[in-house]
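# Coordinate inspection notes
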Amino acid sequence: MSKISAIIIGGTGQIGRAVGQSLLGLGWTVSITHRGNHPLPQSLIDQGARVIVHDRDQEASLARVIGQGADAVIDTIAFDATHADQLLEIQGDVGSIVAISSSSVYCDSQGRTLDEARANGFPDLLGPMKETQATVPPGDETYSTKKVALERRLLDRATRPVTILRPCAIHGVACAHPREWWLVKRMLDGRAIIPLAYRGESRFHTTSATNIAALIGLVLKAPATQILNVGDEAAISVAQIGEVIGRHIGFNGKFALVDDDTYPPSIGATPWSVPAPFTIDNSAAEALGVRPQPYAATVGPPVIGLLRLLTTVIGRTGFQCLRDITKAPSTILRRMSF
């Protein structure tokens, strides 16, 4: 009896790696596509992952990638209706489709969302948002409108089960632009005090790539057409995020809680600093049986990966040249096999 098979589109990023690891561990046959710019981690290859070099923007058809078909296709890099059309073209050869969208698609009663928050004001989103929360209209104008266009096209035209996942602030190994770097950099700088805007109270829901992978493994057992939020167990505050990362770094300094509600903040503006909560409701995913892990349980590997990266870049321990590094080089992050 042949194994169930999956094709992961965009397998070298944080989500693709986590999903590949998870499905291989569940006994799936896994093929992973990427553009060939960065190698797949050897650990995935050793577990049997098949590598397919394919650039969907250069060669639109996915038929060559699918080959004889697959039980599931997981698209981690679908961004607009064009990518939805590529998936729809191959749906006759697949059992089900999972596409990664974003919680940034949600908007408040005035139509405000994250994309235009600096120009139009931060959205007033009451409580953790369920999947029924209003979204921006589909279109080509912003990241979020493109994601909604992707969602609508798939849901309207698919003849196979389609699961749309809406994560929030994603963190994981091999993230090209890790939010954690904001704090890691300052902690390793030896700063005694790190300011946090909005008194460190901001709550911008985080989502571990491992939690995304766990949910995907679950929904593929019983494919269905659905939209699911996916976030960490709880939306902890920026101050709590700082404490968690600080424990990994050995940070002995303090956080200065800046009492200023100006938006955007001028002091202590972390990647999670928002003037009002931006949180999602996980209850629909939990009803399927998933139990999201907390941020503290999943952020360790990404932080350790950053430390390894710095050691590689600088070429010696101690991080003597840290002050000369202004940001984590995304190209090196993707090449690292943590």
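These remarks concern the structure in this document. (Residues numbered from 1 in each chain as written. Predicted model: local features only at pLDDT ≥ 70, side-chain atom pairs only at ≥ 80, totals over all residues. Heavy atoms only, no water.)

### Quick look at the environment of Leu 88
Mapping Leu 88 onto the fold places it in helix 4 (residues 81–89). For the pair Leu 88 and Gly 11, spaced 77 residues apart in the sequence, the C-alpha separation amounts to 20 Å. Those residues within four positions of Leu 88 in sequence are excluded, and the remaining contacts are Arg 153, Leu 154, Arg 157 and Ala 158. (Helix = DSSP H or I, 4+ residues; strand = E, 2+ residues; numbered from the N terminus. Contact = heavy atoms within 4.5 Å.)

### A few points about the packing of helix 1 (residues 14–25) against helix 8 (residues 209–219)
Running from N to C, helix 1 and helix 8 cross one another at 45 degrees; their axes reach a closest spacing of 8 Å. In this view, helix 1 runs oblique relative to helix 8, as classed from their interaxial angle. Two packed elements cross with a definite hand, and for helix 1 against helix 8 that hand is right-handed. On helix 8, the residues that touch Gln 14, Ile 15, Ala 18, Val 19, Ser 22 and Leu 23 of helix 1 are Ala 209, Thr 210, Ile 212, Ala 213, Ile 216 and Gly 217. A per-class count over the contact of helix 1 with helix 8 returns 8 nonpolar, 4 polar and no charged. (Axes fitted to C-alpha atoms, helices over the stretch in contact; angles between N-to-C directions. Parallel < 35°, antiparallel > 145°, perpendicular 65-115°, else oblique. Left-handed = near helix turned anticlockwise from the far one by under 90°. Nonpolar A, V, L, I, M, F, W, Y, C, P; charged D, E, K, R; others polar.)

### Examining the pairing of strand 1 (residues 5–9)
Buried residues dominate strand 1, accounting for 5 of its 5 residues. Residue alternation in strand 1 divides its side chains into two sets, Ser 5, Ile 7 and Ile 9 and Ala 6 and Ile 8, and both sets are buried. With 5 bridges connecting them, strand 1 and strand 2 (residues 29–34) associate as parallel partners. Bridging from a neighbouring strand, Ile 8 pairs with Ile 32 of strand 2. Between the parallel pair strand 1 and strand 2, the chain is carried across by helix 1, and the sense of this crossover is right-handed. One ladder, built from 4 bridges, connects strand 1 with strand 4 (residues 70–75); its direction is parallel. When the sheet's bridge partners are listed, Ile 8 is paired in strand 4 with Ile 74. (Buried < 20%, exposed > 50% of the residue type's maximum accessible area, 1.4 Å probe, protein only. Pairing = 2+ DSSP bridges. Right-handed = clockwise from strand over helix to strand, strands pointing away.)

### Side note on the state of the cysteines
Applying the stated criterion to the full structure yields 0 disulfides. Cys 168 takes part in no disulfide bond, and the closest cysteine sulfur to it belongs to Cys 175, at a distance of 14 Å. Since its relative accessible area comes to 10%, Cys 168 is described here as buried. Residue Cys 175 is classed as buried on the basis of its relative accessible area of 9%. (Disulfide = S-S within 2.5 Å.)

### Topic: the side chain of Gln 14
As for its position among the elements, Gln 14 is in helix 1. With a relative accessible area of 14%, Gln 14 lands in the buried category. In terms of polar contacts, Gln 14 uses its side chain to reach the backbone amide nitrogen of Gly 172, at 3.0 Å. Excluding residues within four positions of it along the chain, Gln 14 makes contact with Ile 170, His 171, Gly 172, Val 173, Ala 174, Cys 175 and Ala 209. (Polar contact = N/O pair within 3.5 Å; in protein donor to acceptor, adjacent residues only side chain to side chain.)

That is the geometry; function is a separate question.
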